[in-house]
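# Results of the structural survey
Residues per chain, in single letters:
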Amino acid sequence: MSGKYVTETIGTDAHEITRAAQILRDGGLVAVPTETVYGLAARADNDEAVSRIYGAKGRPDFNPLIVHVASLELARKLADFSDVAEKLAAEHWPGPLTLVLPRRRDAGLAEAVTAGLETVAIRMPSHAVMRALLENSGLPIAAPSANRSGFISPTSTAHVLASLDGRIDAVIDGGVCEQGLESTIAAVRADGYVVVLRPGPILLAASAADGKNIEAPGQLASHYAPGKPVRLMASEVAPDEFLIGFGDLAGDCSLSDNGDLTEAASRLYACLHEGALSAKPRIAVAAIPEVGVGIAINDRLRRAATPPD
Ligand code: TXA
Ligand code: MG
């Protein structure tokens, strides 16, 4: 895809991270590996930089972004941390948990980051490259998944470039993402009540948001779309279907031969990308148990199987 940028691939040496941090300070866009998926990073305190994220992704402006931080100290400047929020952060940060908290007005975040909401989504990632970038830049960094809006999330630089080549300044090649699914998003209410807005790698004892009351504006019914029909809970495959297998049901791409859900999560988007590129016009997916991280896998698969409006 061509655009106004020449997208360069950057390595992970210290001097290369320093250069990537400079691109961010200058208001540019850099795709960065995290432990979940690749993120499309921009400085979160600058309106123009943040608006470039929306432009490159074709993201609707009502869909707010997650702000990534290097420290709890910075996080506390951006949002009000209740005791419950402090406890969740102490238990799970750095790691794949995003907390939705009351935003602090004096934080200096670009307005578009929160899309007009009174809350802000914050996460402290554990990936060494993302952490080095956060520390080196000294900035809060807004980063949605590094894909065109509505499409499959990226777990490799090849996925990023397939979607955003020519639309962003650079991608840092940190190999394949370990978890492979986006962070768990939990909203902490003023009364201490915790609601899971998006299931993910961190399993919380909290209530799940009911689909009728969509509180994460990005959690639309159709998402992660491979651009062709997706059939779920397949127990056999038709000749015109690309099969994504699991356990005993071996496919064209297998999520996990021995039925391991953690491995399946890490491979989900790679298999969906393969299915999207395959000559077969349809995708079928084996049944995934609705337990543990299987809940998050099935959440993504249901959205992948829902046709766009
Ligand atoms: O693992 C992840 O979370 C990755 C990596 C890059 O950190 N990021 C990610 O971002 O998945 P994105 O933009 O693809 O998904 C963020 C979700 C969206 O559904 C958005 O609507 C929701 O978070 N969100 C952001 N701010 C929110 C807020 N204040 N209240 C409720 N939902 C919010
Ligand atoms: Mg996304």
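Residues numbered from 1 in each chain as written. Chains lettered and ligands numbered in written order. Predicted model: local features only at pLDDT ≥ 70, side-chain atom pairs only at ≥ 80, totals over all residues. Heavy atoms only, no water.

Evaluated as defined, the whole model comprises 2 aromatic pairs. On the basis of an interplanar angle of 75 degrees and a centroid distance of 6.1 Å, the ring pair of F81 and W93 is categorised as edge-to-face. Here F81 is found in the loop between α3 (72-78) and α4 (83-92), whereas its partner W93 is found in the loop between α4 and β5 (97-102), with 12 residues between them in sequence. Of the two residues, F81 and W93, both sit in the buried class. Residues Y224 and Y269 carry aromatic rings whose centres are separated by 5.7 Å and whose planes lie at 20 degrees to one another, so their mutual orientation is stacked. One end of the pair, Y224, is in the loop between β11 (207-208) and β12 (230-234); the other, Y269, is in helix α8 (residues 261-277), with 45 residues separating them in the sequence. Note on accessibility: Y224 and Y269 belong to one class, buried. (Phe/Tyr/Trp six-rings, centres within 6.5 Å; stacked < 30°, edge-to-face > 60°. Helix = DSSP H or I, 4+ residues; strand = E, 2+ residues; numbered from the N terminus. Buried < 20%, exposed > 50% of the residue type's maximum accessible area, 1.4 Å probe, protein only.)

Among the structural elements, T7 can be located in the segment before β1 (8-10). A sequence separation of 51 residues divides T7 from G58, and the C-alpha atoms of the two residues are 17 Å apart. When residues no more than four places from it in sequence are discounted, the contact partners of T7 are L161, L164, D165, G166, R167, I168, D169, A170 and V171. A polar contact of 2.8 Å, which involves the side chain of T7, links it to the backbone nitrogen of G166. (Contact = heavy atoms within 4.5 Å. Polar contact = N/O pair within 3.5 Å; in protein donor to acceptor, adjacent residues only side chain to side chain.)

This part is about the sheet that holds β12. Here we have 4 strands laid out as an open sheet, ordered β12-β15-β13-β14, and parallel in their pairing. Each of the sheet's edge strands pairs with one partner strand only, and the pair in question is β12 and β14 (253-254). With 4 bridges joining them, strand β13 (residues 241-245) and strand β15 (residues 282-286) adopt parallel strand pairing. Looking across to β15, one finds that L243 is bridged to A284. The strands touched by helix α9 (residues 294-305) within the sheet are β12 and β15, with β12 carrying the most contacts at an inclination of about 140 degrees. (Pairing = 2+ DSSP bridges. Axes fitted to C-alpha atoms, helices over the stretch in contact; angles between N-to-C directions.)

Let us look at unusual backbone geometry. Backbone torsion omega between W93 and P94 reads -10 degrees, so that peptide bond is classified as cis. Along the chain, P94 turns up in the loop between α4 and β5. Of note in the backbone geometry, Y224 takes a positive phi value of approximately 55 degrees without being a glycine. Phi at M233 is positive, roughly 55 degrees, even though this residue is not glycine. Examined against the element boundaries, M233 turns out to sit in strand β12.

Moving on to the domain arrangement of the chain. Entries for the chain in the domain assignment read domain 1 (8-208) and domain 2 (230-305). The interface of domain 1 with domain 2 comprises 17 residues on the first partner and 15 residues on the second. Among the residues domain 1 hides against domain 2, the three largest losses belong to I152, L181 and P199. Together they make up 47% of the total. If you look at where domain 1 meets domain 2, you find 1 salt bridge. Residue R300 pairs with E182 through a salt bridge whose shortest N-O separation is 3.0 Å. Looking at the side of domain 1 that touches domain 2 residue by residue, the class counts come to 7 nonpolar, 7 polar and 3 charged. (Domains from an automatic or database assignment. Buried area = accessible area lost by both parts, 1.4 Å probe. Salt bridge = Lys/Arg side-chain N within 4 Å of Asp/Glu carboxyl O. Nonpolar A, V, L, I, M, F, W, Y, C, P; charged D, E, K, R; others polar.)

Side chains of residues three or four places apart in an α-helix project in the same direction, reflecting 3.6 residues per turn. Residues A49, V50, I53, Y54, A56 and K57 constitute the buried set of helix α2 (residues 47-57). On its buried side, α2 packs onto β3 (39-43), α5 (111-114), β7 (141-142) and α7 (157-164). The N-capping residue of α2, defined by a side-chain oxygen 3.1 Å from the backbone nitrogen of E48, is N46. Phi turns positive, to about 65 degrees, at G58, one or two residues after α2.

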